[in-house]
Amino acid sequence: MSDTESDEEHNKLGEYEGDRNEAGERHGVGKAVLANGHIYQGHYENGKRHGKGTYHFKNGSRYVGKYQQNMKHGQGTFYYPDGSKYEGSWVKDVREGHGVYTYPNGDIYEGEWLNHMRHGQGVYHYHATGSKYKGSWMNGKMEHAGEYIHSNHRYKGNFSNNNPCGSGKFVFDIGCEQHGEYHQILQDPDELEYAEPPSVFKWIPICITPITPAGQEKSSSTGKESKENSSV
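Analysis parameters
- Residues numbered from 1 in each chain as written.
- Predicted model: local features only at pLDDT ≥ 70, side-chain atom pairs only at ≥ 80, totals over all residues.
- Heavy atoms only, no water.
- Helix = DSSP H or I, 4+ residues; strand = E, 2+ residues; numbered from the N terminus.
- Buried < 20%, exposed > 50% of the residue type's maximum accessible area, 1.4 Å probe, protein only.
- Contact = heavy atoms within 4.5 Å.
- Areas by Shrake-Rupley, 256 points an atom, 1.4 Å probe, with all protein chains shown as cover.
- Core = buried A, V, L, I, M, F, W, Y, C linked by side-chain atoms within 4.5 Å.
- Domains from an automatic or database assignment.

(A) Representation of the overall build of the protein in the model. Scanning the protein from N- to C-terminus turns up 0 helices and 16 strands. Residues counted as buried form 37% of the 232 residues belonging to the protein. Across the protein, the fraction of contacts at a sequence separation of at least 24, relative to all contacts at a separation of at least 6, is 19%. Surface accessibility of the protein: about 13,600 Å² in total, with carbon and sulfur atoms responsible for 49%.

Take a look at the structure:
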């Protein structure tokens, strides 16, 4: 969905009421009603949106926050017509920095953004299950170190392209943790309907140990157990 405003100065059919400077430019506080149905009310500086303001889109979207040189810049909240909402930092019309995005299904992401995508450290809350992912993101996907946290257990390890991969461990509330590795399963492309085979990962348990105290985590290869105890 577009969250880009029109430039009033290039829209000769728009209406404006408010302050102007000696050059006749919009300067101070004013309200602009554009021919396309968009409405902006707030601060201007030398003919451009600058400072605090509210921009109403014809499709029902709304932005409330700071502007700089006609662009969303600083802290602001964008309300989308599908019910989603972003509240946080903007840099030159782009979500960048720390922000909270509430999705139409109730999911919430709180963390760092870059170029409109989840990027850096952040937490994604799944509304339907109550679970959450806490860790690193890159270009909108789960990457590198992170953990899935559920009601009675959690998984901690590395992620790649939104999937757990490599070594990691499941930590259970009953007082134990299972170490192992996620291995990618290679599938025969001739047996699939897709142009490229999807990523499928299988958990390979290695051993079970008591829960490692915080700050004293051991390698998943520490403490060998029998095969009978290698699954939960």
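Here the narrative resumes, following the displayed structure.
(B) Just unusual backbone geometry, in detail. Notably, Asp93 is not glycine yet its phi reads approximately 75°, a positive angle. On the basis of relative accessibility, which here comes to 16%, the residue Asp93 falls in the buried class. A positive phi is found at Asn139, a non-glycine position, where the angle reads about 55°. Of note, Asn139 is situated in the loop between β11 (132-138) and β12 (141-149).

(C) Representation of the nonpolar core within the structure. Counting 30 residues, the largest nonpolar core has Tyr55 and Tyr155 as the members making the most contacts within it. Three or more residues apiece are contributed to this core by two domains, here domain 1 (12-91) and domain 2 (105-211).

(D) Spatial organisation of the environment of Ile149. As for its position among the elements, Ile149 is in strand β12. By relative accessible area, Ile149 is classed as partly exposed at 22%. Once the C-alpha coordinates of Ile149 and Val171 are considered, the two residues, 22 residues apart in sequence, prove to be 9.5 Å apart. If near-sequence neighbours (up to four positions away) are discounted, Ile149 is found in contact with Ser131, Lys132, Lys134 and Arg154.

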